[in-house]
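# Survey of secondary and tertiary structure
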Amino acid sequence: MNISIFGLGYVGAVSLACLARDGHRVVGVDIDRAKLALIAAGKTPVVEEGMVELMAAAVASGRTSVTDDVRKALHETEISLICVGTPSSANGSQDQSAVLRLAEEMGRALRQVKHTHVFVFRSTLAPGTVEEAIRPIMERASGRRDGEGFHLCFQPEFLREGSSIRDYDKPPFTVVGANHAYPVERLRSLFGHLPCAFHQTSVRTAEMVKLFCNNFHALKITFANETARLCDALGVDPFAVMDLLCQDTQLNISKVYLKPGYAFGGSCLPKDLRATMYLARQHDVDLPMLSGVLPSNRIHVEQAVEKVLASNKRRVGLIGLSFKTGTDDLRESPLVALAEHLIGKGMSLTVYDPEVHLSRLLGANKRFIEQHVPHIGNLIRDDLDGVLAESDVLVVGMADAKLFDKLRALVREDHVVIDLANIPDRAQWRCSVEGLCW
Ligand SMILES: NC(=O)c1ccc[n+]([C@@H]2O[C@H](COP(=O)([O-])OP(=O)(O)OC[C@H]3O[C@@H](n4cnc5c(N)ncnc54)[C@H](O)[C@@H]3O)[C@@H](O)[C@H]2O)c1
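So, here is what we can say about the structure in this document. (Residues numbered from 1 in each chain as written. Predicted model: local features only at pLDDT ≥ 70, side-chain atom pairs only at ≥ 80, totals over all residues. Heavy atoms only, no water.)

### Observations concerning the packing of helix 9 (residues 203–234) against helix 10 (residues 238–247)
Threshold: Orientation is described by axes fitted as lines to C-alpha atoms, over the contacting stretch for helices, and by angles from 0 to 180 degrees between their N-to-C directions. Here a strand is any run of E in DSSP of at least two residues, a helix any run of H or I of at least four, and the numbering for each starts at the N terminus. Here roughly perpendicular refers to angles of 65 to 115 degrees, roughly parallel to angles under 35, roughly antiparallel to angles over 145, and oblique to all remaining angles. Should the near helix be turned anticlockwise from the far one by less than a right angle, the crossing is left-handed, and should it be turned clockwise, the crossing is right-handed. Two residues form a contact once any of their heavy atoms are found within 4.5 Å. Ten residues, namely Ala, Val, Leu, Ile, Met, Phe, Trp, Tyr, Cys and Pro, are considered nonpolar, four, namely Asp, Glu, Lys and Arg, are considered charged, and the remaining ones, Gly among them, are considered polar.
Contact geometry of helix 9 with helix 10 gives a least axis separation of 9 Å together with a crossing angle of 140 degrees. For the element pair helix 9 / helix 10, the angle class is oblique. The interaxial crossing formed by helix 9 with helix 10 has right-handed handedness. Between helix 9 and helix 10, the contacting residues are F223, A224, T227, A228 and C231 on the first element and P238, V241, M242 and L245 on the second. Looking at the contact of helix 9 with helix 10 residue by residue, the class counts come to 8 nonpolar, 1 polar and no charged.

Encoded structure:
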């Protein structure tokens, strides 16, 4: 394939060398003449393991060329990978000036290009940038429309400096955000051979995935380092702790607890976080990331309250009360917190939870509910029908397939359902079903 690469920094230079190695003809474009001269001479502009040999071989193959002429690059190629930098501005926003300037230039150059060109943005971009900022610039400058005269798509780059050639050859996955089949098919023939899954998504999802993969990496490093800081203060070996923690691939290093939904609660997580924060305070250890967890969790409960209030209906049916489906444990249940807030706001509340039988509650569990919702006995109904009849807005906090089926059959068209439990096929319900934050 004939490919142009805009921006010959870490991402662009490695991509140029790897694509030429794989037999493609590659035109490298940069505004930095020094980088162009280095590559033309078979030298690498970035320090990366294996790049000296790879770049020398790529250039010696005769399959590479470099230029600062955007029009020439578009003329000679059918697909462009855009890898220019998107650093931070002083206020923390993404500085997109290089990519937007380039979009303008590429759009103008497109006026003289006859073929259907595919533009693949590989720079990390804030969600919405391709469709809301780049597309209008390129459509205006080119006089052509995205999806007709050219194609825009976003394919995040996952390589890491230091192991970039290995990562290029074995990425965690390929994600292509596109609105048309043509660019996906072109990228599949370019990257489909890599030993990883190939996913097609919306452009915005692909932009967001890249940002949040990096956020997740930063969060993991910070988690390990905050753990280590407290370990150090307590005389515990942080390596032994983190090594064992990572060996649990059932609950820790797994998909578990990584699905968006409602707030967490229960008799363990909140209290153990509080105990951790107390220990940290006692030893003068700052753990800002962990100390933000409970406040963030509270915001999730507040958001559920606001969602119910926004429905403008006062009769609320709460489906589920315990902290987790299938248990009667009410301690620190975020659904109990929601019930408390709603009662406080003067809503009329009824509750159904098949596992919660007040007469059978014992000990701390009983004390908790008596303290937080003293008149809960008057609110609890034995069956779903009772709750449905007495409510106009239903908050579904229990994840149970049979319950979803039953509810779906029983809801009225005028019910508003607020889904805290990831109900599948929401669009097929006869009434409006809204998620907590989507
Ligand atoms: N460095 C990484 O490991 C890595 C990994 C994945 C994604 N990314 C993302 O990829 C993008 C590029 O990162 P990088 O580290 O390679 O950046 P870099 O700063 O090393 O290189 C960017 C290059 O773009 C060039 N450039 C600027 N304006 C240009 C224009 N109008 N036309 C042509 N070239 C132009 C610059 O001269 C520079 O050579 C960023 O958005 C970054 O967030 C980087």
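### Section: the site of the ligand
Just so we agree on the cut-off: What makes a residue near a molecule or strand is one non-hydrogen atom of that residue sitting within 4 Å of it. Pairs of N or O atoms within 3.5 Å make up the polar contacts considered here, provided that, within protein, one atom can donate a hydrogen while the other can accept it, and that residues adjacent in sequence are counted only when both atoms are side-chain atoms. The Shrake-Rupley method, run with a 1.4 Å probe sphere, supplies the accessible areas, and residue values consider only the shown protein chains as cover.
Lining the immediate environment of the ligand, one finds 22 residues, of which V11, D30, K35, T86 and E161 sit closest. K35 places a side-chain nitrogen or oxygen 2.7 Å from an oxygen atom of the ligand. A distance of 2.6 Å separates an oxygen atom of the ligand from a polar atom in the side chain of T86. Considering the ligand on its own, with 820 Å² of exposed area, one finds that the protein chains cover 80% of that surface. At the level of secondary structure, the elements contributing two or more residues to the shell around the ligand comprise helix 1 (10–21) and helix 5 (97–110). For the shell around the ligand, the per-class residue count stands at 10 nonpolar, 6 polar and 6 charged.

### Focus on unusual backbone geometry
The following threshold applies: Partly exposed describes any residue whose relative accessible area lies between the buried limit of under 20% and the exposed limit of over 50%, with all areas from a 1.4 Å probe on protein chains only and scaled to the type maximum.
One non-glycine residue, Y257, lies in positive phi territory at about 70 degrees. In this structure Y257 comes out as exposed when scored by relative accessible area, which is 64%. Of note, N422 is a non-glycine position whose phi angle comes to about 55 degrees, a positive value. Along the polypeptide, N422 turns up in the loop between strand 12 (416–419) and strand 13 (432–435). Taking the relative accessible area as the measure of exposure, N422 reaches 30% and is therefore partly exposed.

### Section: a nonpolar patch on the surface
Quick reminder of the rule: Residues enter a patch when their relative accessible area is above 30% and they make no salt bridge; the linking distance is 9 Å between like charges and 5 Å between nonpolar side chains (Val, Leu, Ile, Met, Phe, Trp, Tyr). For salt bridges, the criterion is a side-chain nitrogen of Lys or Arg within 4 Å of an Asp or Glu carboxyl oxygen.
A contiguous nonpolar surface patch, about 280 Å² in accessible area, is contributed by F216, L219 and L258. Within the secondary structure, L219 is located in helix 9.

### Observations regarding the sheet that holds strand 13
Keep this limit in mind: Strands are treated as partners if at least two bridges between them are detected by DSSP.
Pairing in this open sheet of 5 strands is parallel, and the strands run 10-9-11-12-13 from one edge to the other. Single-partner strands in this sheet number two, and they are strand 10 (348–352) and strand 13. For this sheet, the mean inter-axis angle between neighbouring strands, taken without regard to orientation, is 20 degrees. Bridging between strand 11 (residues 393–396) and strand 12 involves 4 bridges; their strand directions are parallel. The residue of strand 12 that forms the bridge with V395 is I418. Of the strands in this sheet, strand 9 (315–319), strand 10 and strand 11 are in contact with helix 14 (residues 334–344), which crosses strand 9 at around 170 degrees.

### Some details on the environment of S88
Among the structural elements, S88 can be located in the loop between strand 4 (79–82) and helix 5. Of the residues examined, S88 reaches a relative accessible area of 59% and is grouped as exposed. Through-space distance from the C-alpha of S88 to that of S61 is 37 Å; in sequence the pair is 27 residues apart. Not counting chain neighbours up to four residues away, the residues in contact with S88 comprise S93 and D95.

### Some points on the nonpolar core
In plain terms, the rule: Nonpolar core, defined: a set of buried Ala, Val, Leu, Ile, Met, Phe, Trp, Tyr and Cys residues in which side-chain atoms within 4.5 Å join the residues together.
Membership of the largest hydrophobic core comes to 36 residues, with the highest contact counts inside it found for I5, L19, M51, M55, L81, L187 and F191. Of all the secondary-structure elements, those providing two or more residues to this core are strand 1 (2–6), helix 1, helix 2 (33–40), helix 3 (51–60), strand 4, strand 5 (117–121), helix 7 (164–169) and helix 8 (181–191). Of the residues forming this core, the biggest block, 7 residues, is contributed by helix 1. When neighbours within four sequence positions are excluded, M55 is seen to be in contact with A13, L16, A17, I39, G42, K43, T44 and P45.

What is shown is where atoms sit, not what they do.
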